[in-house]
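Architecture at a glance
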Amino acid sequence: PNAAGDGLDLIEVGYESKLITGEPGWTLTRDFTFFDGTSTPPSDGIVDTCGYGLYLSNKVCVPCTAGTYQPVEANRGGDESCRVCNETSWSEAGQRYCTLCPEHSHIWLDKLAHDGPEDCICDDGYYATEWPVSAKHGCRSCPHDTTCHGGMTGPYPDAGHWLSPGAVDTWVKSYHCRYNWICKGGSAPATCQEEWMDAMASDEKNVSQQRRRCVNAKGDYIALENTGGWCKQGWDVETAMCSGEVDGFFYIDVQAIKCPGSHTRDAEAWVFSMFCFLLLLLLFILINDVVRPNFPVFDAVLLTYQDIGIITLFWFEWSQKISKMFFVFRVALLDVDVYEPTCATDWGFNWAFRLMLSLPLLFAAANAFGYVTGLREGGKAFAGALSFFINAQASLLFYCLAVFSCRHVHPMDTYYYVEELDTSCETESTLVMRIFAAAYLALIGGVTSALFMRLKRAADRDELNTERVLLRYGFMYKTFRMGALWWGVVRIVKQASLVFILTIAWRSPEDQAVWALIVLTVYGFGAARWQPSQLHEVNNSELAGVGITIVVVCLGLSFTSLNNDDGLSDKAEWRYVGYFAAAQILYLIGASWATFRDVWAVRARLHVAKQVNALHSRVVRARRRGRLRSQMSFDLESTEDDSSSRRAWRALRTVGSAVAAMSGRDIGATDTASRRVSFFDASDDPEPSTERRAAAFASRRSSVSSGDSNAPSRRRSRLGRGGGGPGGGGGGGGEWGPP
């Protein structure tokens, strides 16, 4: 009975056995909320309306189920009065309104209940960094150069780009790869939100299966692909921009090659790696001690290849086909990192840095050993060690500057070397390497400055053609004409500028191209204006090399532009590769022909020198026999060996004319400004003592031409050695004059 004494039926509204006493006259089996939102029964004991989030069932207010809502304050309807939340919202039971999913997300259609935030998944083009998706972070927009399929899937990179392959638990960023063909990108999602996967894989029987699939924006389960496919075979996806090495491969420049016989970290791998290193060192010796000192045209070619080697390291989007040729230019740079012995041992930037900086010392030690054991002359050993230090300056400068250039990579939250993204800048060895690099930069500047100061003093003292100076320092100036000896400094400054552009302006390949074109244009203008070499072939080769280097810069810009637009077609790639190969082939053909001519000219000059020395020896012997008076210089018309002497001179002039025709130079001209042209090198003189006698002849000839009354005759031979020329003994160089 109620308070008035009327009998009422007891309504069962709960399922718990525990009795809870309400207001007088009511006994409820569980807590109950009436239409007015309180637990106080109506005064008459009859329920005919329900409040927000409730519907009327058998005169009892019942909460609307999860995923529905009821916004009417006095609802008399049944369960059909509860409205279903839309595809972007959810609700718990008995709600007046639905709660919206975070921005850029919607309800997973597979979850019809819509009963909690865990049912919200991201829209297409977005990805989640947490689960359930919160209003604070929501679904993040897909990064540039990536693709997102929404749901709980993570983004995957487009071709030519890389992002971290780890679980999606924070915001991600895509990075442009240095060599876009190494970063293949993805074709489907490969990662999933980690917390969601853990929740879905709570059934241990399905853990492995669940972790190989995820849900997309449509709510469909999709299989996850392997992140290893984001990088080309032989490159590690776990390291930034696919720059890390993989076991079972060795590397020549940017080409990954499988270790022979699948040997790794064993004796055979060590033998193979040591053989490759020895072959590389032999190439360096051939370039430094054979090609560059003896073939001036190919010296200009190798200088051009060093410039191109620096340009190929610019952050252009080079294609794979053209990148296969780049190792040639890295060898010309004398860069030890052109080969990475990863079949035998771990390799990285730290090891390459140590070996590169120690390589000049190793060359110096090898030349010192050759001198001690008598295998090399002292001057040649000194020149060999010093020339490698100068010729490898571009690579040495690059490694010294690279240790100061780092970039931050997310989500590793670590700084890596820009030039070697598989090596962290935050190791303890970085500080030590930077100290060594700073000291080495000072060493490069000090040694180079001291070298040019030494050459300047030698020039002031007229010692550039003395045997000692020429043998030790001739590689720095022997092809330059007088008045242009400073061009060696210009060459070093040009390469240093290109290296600075490479290591400083790496963020923008367009800026790198603009600055490189400025440097090359100024250098080319100077080379054309001053013609620094006394050999026309060297001047032409150097100018052609500058032009080809500019073409390479333009090709790099073209590759980058096409890849940034609609991608590089296979036809266009082959066309640009053809341009590059044709330019290199024509350049090498021209250099080979010029070198061939120069070699024959050298052989002819040696033959002339041999003839002159033989003739000079005959003169000396004749004087010793008393056939010539000591007071008079040699006169061909007055010698007893008139016919043989004339035949010798005719042969001499014939050979000289041939040399002049082949080399493009007038051998008979007396150019006092050319200190380098000397056919009377002491190394070609079979009798060094005759040089002093030749100097005496020249001295008497000079006294006669100046009107010396003591000279008995004014008919003098113009064939002289030393004294008046720039290349003779004691600081002079012989000059040619017709008899």
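Residues numbered from 1 in each chain as written. Predicted model: local features only at pLDDT ≥ 70, side-chain atom pairs only at ≥ 80, totals over all residues. Heavy atoms only, no water.

Comments concerning the overall build of the protein
Formally: In this description a helix means any DSSP run of H or I spanning at least four residues, a strand means any run of E spanning at least two, and both kinds are numbered starting from the N terminus. Accessible area is worked out with a 1.4 Å probe on protein chains only. A residue is then buried under 20% of its type maximum, exposed over 50%, and partly exposed in between. Contact between two residues is taken to exist if any of their heavy atoms lie within 4.5 Å; hydrogens are not considered. Shrake-Rupley sampling with a 1.4 Å probe provides the accessible areas, and residues are treated as covered by the protein chains on show and by no other component.
A tally of regular secondary structure across the protein gives 17 helices and 25 strands. Burial statistics for the protein: of 739 residues in total, 48% are counted as buried. Across the protein, contacts joining residues at least 24 apart in sequence account for 61% of those joining residues at least 6 apart. Split by element, the accessible area of the protein, about 36000 Å² in all, is 56% carbon and sulfur.

A look at the sheet that holds strand β22 (residues 255–258)
Rules: Two strands qualify as a pair provided that DSSP identifies no fewer than 2 bridges between them.
One open sheet accounts for three strands, arranged β22-β21-β23; its pairing is antiparallel. The open sheet has two edge strands, β22 and β23 (339–340), and neither has a second partner. Note: strand β21 (residues 249–252) against β22, four bridges, orientation antiparallel. Bridged to I252 within β22 is Q255.

A word on the side chain of Q306
With respect to the helices and strands, Q306 occurs in helix α4 (residues 296–311). For Q306, a relative accessible area of 1% translates into the label buried. Here Q306 is in contact with R292, A332, L333, N391 and Q495, once residues within four sequence places are set aside.

Comments concerning empty space enclosed by the protein
Space left empty within the atom packing is revealed by a probe, the size of a water molecule, rolled over the atoms. Condition: With a 1 Å grid spanning the protein atoms alone, the term cavity applies to any set of points in which a 1.4 Å probe fits but cannot get out, the term pocket to an open set with protein on both sides within 12 Å along at least five of seven lines, and the term lining residue to any residue with an atom within 4 Å of a point. Grid points are joined across faces, edges and corners, and a volume is the space filled by probe spheres set on the points. Here the term charged refers only to Asp, Glu, Lys and Arg, the term nonpolar to Ala, Val, Leu, Ile, Met, Phe, Trp, Tyr, Cys and Pro, and the term polar to all other amino acids, Gly among them.
One pass over the structure, following the stated rule, counts five cavities of 30 Å³ or more. In this structure, the largest cavity spans a volume of roughly 420 Å³. R178, Y179, V254, E419 and E420 are, among the 23 residues lining the largest cavity, the residues nearest its centre. Within the lining of the largest cavity, the residues separate by chemical class into 13 nonpolar, one polar and nine charged.

Looking at unusual backbone geometry
Here the residue pair W131 and P132 is connected by a cis peptide bond, since its omega of -5° sits within 30 degrees of zero. Here P132 shows up in the loop between β11 (126–128) and β12 (139–141). One non-glycine residue with positive phi stands out, namely H104, at about 65°. Mapped onto the elements, H104 comes out in the loop between β8 (99–100) and β9 (105–107).

Overview of the state of the cysteines
Note the cut-off: Throughout, disulfides are identified as pairs of cysteine sulfur atoms within 2.5 Å of each other.
Going through the model one piece at a time under the given rule, you end up with 11 disulfides. Here C101 pairs with C120 through a disulfide, and the sulfurs are 2.0 Å apart. In this structure, the disulfide formed by C101 and C120 twists by about -75° around the S-S bond and is classed as left-handed. With C101 in the loop between β8 and β9 and C120 in strand β10 (residues 120–122), this pair connects stretches of sequence that are 19 residues apart. For C101, a relative accessible area of 10% corresponds to the buried category. According to the relative accessible area criterion, C120 is buried, its value standing at 1%. One disulfide bridge connects C122 with C139, the sulfur atoms lying 2.0 Å from each other.

Considering the confidence of the model for the protein
Where we set the bar: As a per-residue quantity, pLDDT reports the predictor's confidence and falls between 0 and 100.
Across the protein, the average pLDDT comes to 79, with 76% of residues at or above 70. Low pLDDT, under 50, characterises residues 14–25; the stretch is placed with 17 contacts to residues that sit more than four places away or in other chains. With pLDDT under 50 throughout, residues 662–694 is counted as low confidence; its partners more than four residues away or in other chains account for 78 contacts.

Description of helix α9 (residues 393–402)
Among the 10 residues of α9, 10 are classified as buried, and the element is accordingly described as predominantly covered. Regarding α9, the residues found buried are Q393, A394, S395, L396, L397, F398, Y399, C400, L401 and A402. Tucked into the core, α9 has its buried residues touching α4, α7 (349–372), α8 (378–391), β25 (414–417), α10 (428–460) and α12 (487–504).

What to know about α4
Using the following cut-off: Here the expected span of a helix is defined as 1.5 Å times the quantity of residues minus one.
Between the first and last C-alpha of α4 there are 23 Å, a value that for 16 residues agrees with the 22 Å anticipated at 1.5 Å per step. Among the 16 residues in α4, 15 count as buried, and that is most of the element.

Here's the deal with the packing of aromatic side chains
Just so we agree on the cut-off: Here is the rule: rings of Phe, Tyr and Trp (six-membered ring for Trp) pair when centre to centre is within 6.5 Å. Planes less than 30 degrees apart are stacked, more than 60 are edge-to-face, and the remainder are tilted. As a reminder, the over-ring test applies to NZ of lysine and CZ of arginine, requiring each to be within 6 Å of the ring centre and within 35 degrees of the ring normal.
This model, assessed by the stated rule, comprises 32 aromatic pairs. Plain terms: the ring middles of F329 and F580 are 6.0 Å apart, the flat faces sit at 85° to each other, and that makes the pair edge-to-face. Linking F329 in helix α6 (residues 327–332) with F580 in helix α15 (residues 570–624), this pair joins segments that are 251 residues apart in sequence. According to the relative accessible area criterion, F329 is buried, its value standing at 3%. When the centroid spacing of 5.3 Å and the interplanar angle of 80° are considered together, the rings of F398 and Y399 count as edge-to-face. On the basis of relative accessible area, F398 is assigned to the buried category, the value being 9%. The class of Y399 is buried, set by a relative accessible area of 2%. In textbook terms, an aromatic cluster arises when at least three aromatic residues are bridged by ring pairs, as seen for Y305, F314, F316, W318, F326, F329, F559, Y576, Y579 and F580. Taking the ring centre of Y221 as reference, the NZ or CZ of R213 above it sits at 3.8 Å.

Quick word on a nonpolar patch on the surface
What counts, and what does not: Patch construction takes residues with relative accessible area above 30% that form no salt bridge. Like charges are linked within 9 Å, and nonpolar side chains (Val, Leu, Ile, Met, Phe, Trp, Tyr) are linked within 5 Å. Whenever Lys or Arg places a side-chain nitrogen within 4 Å of a carboxyl oxygen from Asp or Glu, that contact is recorded as a salt bridge.
Residues F275, L279, L283, L286 and V290 make up a contiguous nonpolar surface patch of about 430 Å² in total accessible area. Along the chain, L286 falls in helix α3 (residues 267–294).

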